[in-house]
Amino acid sequence: QVQLVESGGGLVQAGGSLRLSCTASGSIFSINAANAMGWYRQAPGKQRELVADIISRSTISYADSVKGRFTISRDNAKNTVYLQMNSLKPEDTAVYYCKIFTGGRDFWGQGTQVTVSS
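Presented here is a report on the structure given in the accompanying data block. Just so it is clear, the model here is predicted, and its values are computed rather than measured.

## Let's talk about the pattern of salt bridges
Counted under the stated rule, the structure contains 5 salt bridges. Its salt-bridge partner being Asp64, residue Lys67 comes within 3.1 Å of it at the nearest N-O pair. Among the salt bridges present, the one from Arg69 reaches Asp92, with a minimum N-O distance of 2.7 Å. You can see Arg69 sitting in the loop between strand E6 (59-62) and strand E7 (70-75) and its partner Asp92 sitting in the loop between strand E8 (80-85) and strand E9 (94-102), a full 23 residues away along the chain. Both residues of the pair, Arg69 and Asp92, belong to the buried class. Sharing partners across several salt bridges, the network here consists of Arg41, Glu49, Arg69 and Asp92.

What counts and what doesn't
Residues numbered from 1 in each chain as written. Predicted model: local features only at pLDDT ≥ 70, side-chain atom pairs only at ≥ 80, totals over all residues. Heavy atoms only, no water. Salt bridge = Lys/Arg side-chain N within 4 Å of Asp/Glu carboxyl O. Helix = DSSP H or I, 4+ residues; strand = E, 2+ residues; numbered from the N terminus. Buried < 20%, exposed > 50% of the residue type's maximum accessible area, 1.4 Å probe, protein only.

Given below as structure tokens:
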């Protein structure tokens, strides 16, 4: 089993920044640098959507809506993935979830609320 713990959410004014962190723990054989890790978000009344995911520094993808504002990175030694969010907009308000794909399945964190006020 793999557990994911997210932190860093909160309330911020439009134009502000937040940094989310997600640390994976569990079977050491399930977590390695080759596992895809990512951030998703779900706003009220909407489907969960991909924000960004990363396998390596050269294999990163972003949703069009966050390109140029958000940056995903990972520290493999700490089994941690980060999401630096700058120039936040009210439409970024959502619950943000961390995900890791390993052992043929996805594991999800519990989510962290991000609220951007106008």
